Amino acid sequence: MLNRLEEIRKRGLEKIGEAADLDKLQETRRELTGKKGELTEVLKGLGKLEPDEKRSVGMKANEIKTFFADKIKEREEQIIASQSALDEDIDVTLPGTMVPGGALHPITQMCYDLNDAFLSLGFEIFNEDDISSEKYAFDNLNFPPDHPARATMDTYWIDGTENKNGTERLCMRPHLTGASVRYLLQHGAPARFVYPGRVYRNENTDARHERAFFQYEALVVDKDLSFSSGKVMIQTILEKVFGRKIKVRMREGFFPFTEPGYEIDMECLVCGGKGCRVCNNVGWIEVMPGGVIHPNVLKAANLDPDEWSGFYTNIGLDRLVMMRYGVDDVRLFHSADLRFLSQFK
Ligand SMILES: [Zn+2]
């Protein structure tokens, strides 16, 4: 009987060595140590043997079982190691397969650059929800009750709130400026913060109008804030973004939430101020409206207009991107045409 067991060990070892893959090895395992395996049969027949023989055969059979388990484990590791090795030689001189990588849209890059520039001047970035209310979008900002922008034509009012007033009458924010009072009510003054985001207008889409677009607004509120500090702030931001000195000029402008209001122009970087198609041959390009915060807006933010003053600026991201790359048609940036956009990676 012991000789038969040695025979089983010998044949089993050969079979384990011959198993070429994991499936084959699993099959061999069943054959050698499974319920129907030869070894199990020997163990089942122990009862018929004499006590002495029973003991030695039992010990031997169990020893072989452990032996098989160890050898199978070894072989398994060998198979796994050989599978992970490369089957064929590879030619490292062949050209590789190009995996196209994504990139940020140039307008998003500009937004991030502005964030960096403002953060370096101690500004905070404030994110407001896209849904606002009549109170924040209009009442707080000194819009007269009959102002046309309040009408359904321009603003998306939320269904079911049209007949309400103030904070109960909800809308998709038509501009960012409402966030200024919201922030001031939460944080008080002095304050310096930017609030980039998407705004919504109920308009027909054409070459110059979109139903949703990005704006980037900044506000600084402090005591004894002179008007010229607003101009210096804008110049500093533009210089940080463009990495060079930028000429800026201000013209009169009107916005309900400013007094006085200004249109801020920068020199046209496409033509260097000589005049071109982008700047309508004037050498200047309008990049941001702005102005001194209106006393009524400060009051809406629970601030005393005799004590506090502030300076708004609303930066046209599209225009800055056109200036950065010298591109003369803004629609290209909204075209989702990768042949165009992939140049800005
Ligand atoms: Zn120009």
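Residues numbered from 1 in each chain as written. Predicted model: local features only at pLDDT ≥ 70, side-chain atom pairs only at ≥ 80, totals over all residues.

**Some words on the overall build of the protein chain**
Next, step 1: Of regular secondary structure, the protein chain possesses eleven helices and nine strands.
Next, step 2: Radius of gyration (C-alpha) of the protein chain: 39 Å, far over the 20 Å computed for a compact globule of 345 residues.
Next, step 3: Seen through its principal axes, the protein chain has C-alpha atoms that stretch 115 × 55 × 40 Å.
Next, step 4: Out of the 345 residues in the protein chain, the part that is buried amounts to 29%. (Helix = DSSP H or I, 4+ residues; strand = E, 2+ residues; numbered from the N terminus. Rg over C-alpha atoms; globule rule 2.2 N^0.38 Å. Buried ≥ 20, exposed ≤ 12 C-beta atoms within 10 Å, placed from the backbone.)

**Considerations on helix α7 (residues 178-187)**
Next, step 1: Residues Gly178, Ala179, Ser180, Val181 and Leu184 constitute the buried set of α7.
Next, step 2: In this fold, the buried residues of α7 make contact with β2 (131-133), α6 (134-137), β4 (191-200), β5 (212-222) and α9 (295-300).
Next, step 3: Just past α7, the residue Gly188 takes up positive phi, approximately 75 degrees. (Contact = placed C-beta atoms within 7 Å.)

**A closer look at the packing of helix α5 (residues 106-120) against helix α8 (residues 227-242)**
Next, step 1: Two elements in contact, α5 and α8, have axes separated by 9 Å at closest approach and are oriented at 130 degrees. Comparing the axis directions of α5 and α8 gives the class oblique. Crossing of α5 over α8 shows right-handed handedness. Within the contact between the two elements, α5 uses Asp113, Leu114, Ala117, Phe118 and Ser120 and α8 uses Ile237, Lys240 and Val241. (Axes fitted to C-alpha atoms, helices over the stretch in contact; angles between N-to-C directions. Parallel < 35°, antiparallel > 145°, perpendicular 65-115°, else oblique. Left-handed = near helix turned anticlockwise from the far one by under 90°.)

**Structural notes on the domain arrangement of the protein chain**
Next, step 1: Segmentation of the protein chain into domains returns domain 1 (2-84) and domain 2 (106-344).
Next, step 2: If you average the C-alpha positions of domain 1 and of domain 2, the two centres end up 80 Å apart. (Domains from an automatic or database assignment.)

**Focus on the sheet that holds β5**
Next, step 1: Strand order in the open sheet formed by seven strands is β1-β4-β5-β9-β8-β7-β6, and the pairing between neighbours is mixed. Strand pairing shows two members of the sheet lacking a second neighbour, β1 (124-125) and β6 (248-253), which therefore form its edges.
Next, step 2: Two strands pair when backbone bridges link them, and β4 and β5 are joined in this way by ten bridges, in the antiparallel orientation. Among the inter-strand pairings, Tyr195 is bridged to a residue of β5, identified as Glu217.
Next, step 3: Across the face of the sheet, α7 comes into contact with β4 and β5 while running at roughly 140 degrees to β4.
Next, step 4: Relative to strand β8 (residues 284-293), helix α10 (residues 317-325) is tilted by about 145 degrees, and along the sheet it contacts β5, β8 and β9 (309-315). (Pairing = 2+ DSSP bridges.)

**Remarks on the environment of Phe311**
Next, step 1: Assignment of secondary structure puts Phe311 in strand β9.
Next, step 2: We classify Phe311 as buried; it has 25 C-beta atoms within 10 Å.
Next, step 3: If we ignore the near neighbours within four places in the chain, the residues touching Phe311 are Val220, Leu225, Gly230, Gly290, Val292 and Ile293.

**Looking at α10**
In an α-helix there are 3.6 residues to a turn, and that puts residues three or four apart on one side.
Next, step 1: What α10 keeps buried is the set Leu317, Asp318, Leu320, Val321, Met322 and Met323.
Next, step 2: In this structure, the buried side of α10 is in contact with α5, β5, α8, β8 and β9.
Next, step 3: Looking one or two residues past α10, Gly326 carries a phi angle of roughly 65 degrees, positive in sign.

**Side note on the pairing of β9**
Next, step 1: Among the seven residues of β9, six are classified as buried, and the element is accordingly described as predominantly covered.
Next, step 2: Pairing of β5 with β9 involves seven bridges; the strand directions are antiparallel. Along β9, the bridge assignment pairs Asp222 with Ser309.
Next, step 3: In this sheet, β9 lies alongside β8 in antiparallel orientation, the contact comprising three bridges. When the sheet's bridge partners are listed, Val292 is paired in β9 with Phe311.

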